[in-house]
Amino acid sequence: MSKAILYDATLCINCKQCEAACAEKNHLGYSDPVAAEDRQSEHKFTVVLNKNEKYMRRLCMNCGDPACASVCPVAALKKTAEGPVTYDAGRCMGCRYCMVACPFNVPKYEWSKLAPRVRKCDMCSDRVLAGEPTACAGICPTGATKFGDRDELITEAQKRLHDNPTNYVNHIYGLNEVGGTSVLLLSSVGFDEFGYRPDLTRDPLPLFTYRVLSRIPDFIPLGGMVLGGVWWITHRREEVAAAEEPAKQNVFYPRSDDRGPK
Ligand code: SF4
Ligand code: SF4
Ligand code: SF4
């Protein structure tokens, strides 16, 4: 059965233990300055936002039919039956189409690294495949972040809305957005307050991708040539990096736009 995360902002106390556990799980540094950062980044896969003492988590939604995976020419991103959307850095050729396609502005790029990767939450895929909860859910002291079967979490979320209607906006974010996601959200204030788009279709976004691609017959061969070039450049960069290892400390690739603050 497909798994999911249910985050209930009304139970969150902004302790940020989920951020710290995520960083440890993914071998990312975590410190007071990182804790103070209020955006997802290549070194911070989840963030707890605070707006007038109302809290909200941001992380990869691990979409049921992910737009990021649908545009990836080399299948580096994949949706698993268990829920996580995984990323294989060994396949990635650095085209960053996924960053453009994601409706939640999630994937980030390691612009400053010689062999950059796309970075995002993968719903702790190794833990989930081993039958364990995600690190963020496992550490959460209040149950604000809960891990379980998606169907059961939806039933629980619906019960919370039914039993305490004044505590919540009447919406389970992620239940239907872009066809449904493996992260479900409850809140007492509008999700758009925290940058979640209210205008998303209920259809999986890859449907639109396929429709667009089917109308552009020359896209695939032309895109293949362009992407082949990108792949060569990316791997050439890795070869050069290996050959010039002693000079590594002095090389810096300028940061580029990664589309928005969250
Ligand atoms: S939120 Fe974005 S990066 Fe995450 S699975 Fe969905 S489309 Fe992909
Ligand atoms: S599911 Fe894992 S990778 Fe995703 S935010 Fe939670 S701890 Fe981080
Ligand atoms: S660990 Fe739980 S209570 Fe603490 S900030 Fe994260 S979701 Fe909120």
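Whatever comes next refers back to the structure up there.
Here we summarise the structure given alongside this text. Everything numeric here is computed off the predicted structure, so don't read it as measured data. (Residues numbered from 1 in each chain as written. Chains lettered and ligands numbered in written order. Predicted model: local features only at pLDDT ≥ 70, side-chain atom pairs only at ≥ 80, totals over all residues. Heavy atoms only, no water.)

### Details of the overall build of the protein chain
Piece 1. Counting secondary structure elements, the protein chain contains nine helices and nine strands.
Piece 2. With 262 residues in all, the protein chain has 45% of them scored as buried.
Piece 3. A sequence separation of at least 24 residues applies to 63% of the contacts in the protein chain between residues at least 6 apart.
Piece 4. Accessible area of the protein chain: about 13400 Å², with a carbon and sulfur share of 54%. (Helix = DSSP H or I, 4+ residues; strand = E, 2+ residues; numbered from the N terminus. Buried < 20%, exposed > 50% of the residue type's maximum accessible area, 1.4 Å probe, protein only. Contact = heavy atoms within 4.5 Å. Areas by Shrake-Rupley, 256 points an atom, 1.4 Å probe, with all protein chains shown as cover.)

### A look at the pattern of salt bridges
Piece 1. One pass over the full model with this rule turns up 13 salt bridges.
Piece 2. For the salt bridge of Glu 19 with Lys 44, the shortest nitrogen-to-oxygen distance reads 3.1 Å. Of the two residues, Glu 19 sits in helix H1 (residues 17-25) while Lys 44 sits in the loop between helix H2 (32-36) and strand E2 (47-51), which places them 25 residues apart along the sequence. The burial state of Glu 19 is the same as that of Lys 44; both residues are buried.
Piece 3. Each of Asp 8, Lys 146, Glu 156 and Arg 160 takes part in one network of salt bridges that share partners. (Salt bridge = Lys/Arg side-chain N within 4 Å of Asp/Glu carboxyl O.)

### Focus: unusual backbone geometry
One can expect most non-glycine residues to show negative phi and most peptide bonds to be in trans.
Piece 1. At Asn 14, a residue that is not glycine, the phi angle is positive and equals roughly 60°.
Piece 2. Residue position: Asn 14 is located in the loop between strand E1 (3-8) and H1.
Piece 3. In this structure, Cys 124 takes a positive phi of about 50° despite not being glycine.

### A word on the side chain of Arg 150
Piece 1. When you line up the elements, Arg 150 lands in helix H7 (residues 150-163).
Piece 2. For Arg 150, which is buried and forms no salt bridge, the nearest opposite charge comes from Asp 151, at a distance of 5.1 Å.
Piece 3. If we skip the residues at most four places from it in the chain, Arg 150 touches Ser 2, Lys 3, Ala 4, Gly 174, Leu 175, Gly 180, Thr 181, Ser 182 and Leu 184. (Lys, Arg positive; Asp, Glu negative; His and termini not counted.)

### Focus: the sheet that holds strand E8 (residues 145-149)
Piece 1. An order of E8-E1-E9 is seen for the three strands of this open sheet, with the pairing classed as mixed. Lying at the two open borders of the sheet, with one neighbouring strand each, are E8 and strand E9 (183-186). In this sheet, adjacent strand axes meet at a mean angle of 25° when their direction is disregarded.
Piece 2. Relative to E9, E1 is paired through four bridges, and the arrangement is parallel. Across the sheet, residue Leu 6 finds its bridge partner in E9, namely Leu 184.
Piece 3. The strands touched by H7 within the sheet are E1, E8 and E9, with E8 carrying the most contacts at an inclination of about 130°. (Pairing = 2+ DSSP bridges. Axes fitted to C-alpha atoms, helices over the stretch in contact; angles between N-to-C directions.)

### As for the site of ligand 2
Piece 1. With respect to spatial proximity, the complete set of residues near ligand 2 consists of Ile 5, Cys 22, Asn 26, Thr 46, Arg 57, Leu 59, Cys 121, Met 123, Cys 124, Thr 134, Ala 135 and Cys 136.
Piece 2. Partitioning the shell around ligand 2 into residue classes produces eight nonpolar, three polar and one charged. (Near = heavy atom within 4 Å. Nonpolar A, V, L, I, M, F, W, Y, C, P; charged D, E, K, R; others polar.)

### Concerning the nonpolar core
Piece 1. Tyr 7, Met 56, Met 61, Phe 104, Tyr 173, Leu 185 and Tyr 196 are the most contacted members of the largest nonpolar core, which totals 39 residues.
Piece 2. Going through the elements one at a time, E1, H1, E2, strand E3 (54-58), helix H6 (135-139) and E9 are the ones with two or more residues in this core.
Piece 3. With near-sequence residues (within four places) excluded, Phe 104 lies in contact with Arg 58, Met 61, Cys 63, Tyr 173, Val 178, Tyr 196 and Leu 200. (Core = buried A, V, L, I, M, F, W, Y, C linked by side-chain atoms within 4.5 Å.)

### Observations regarding the pairing of E8
The side chains of a regular strand alternate between both faces of the sheet.
Piece 1. For E8, the buried fraction is high: four of the five residues fall into the buried class.
Piece 2. Where E1 lies against E8, five bridges are found, and the strand directions are antiparallel. Bridge pairing in E8 places Leu 6 opposite Lys 146.

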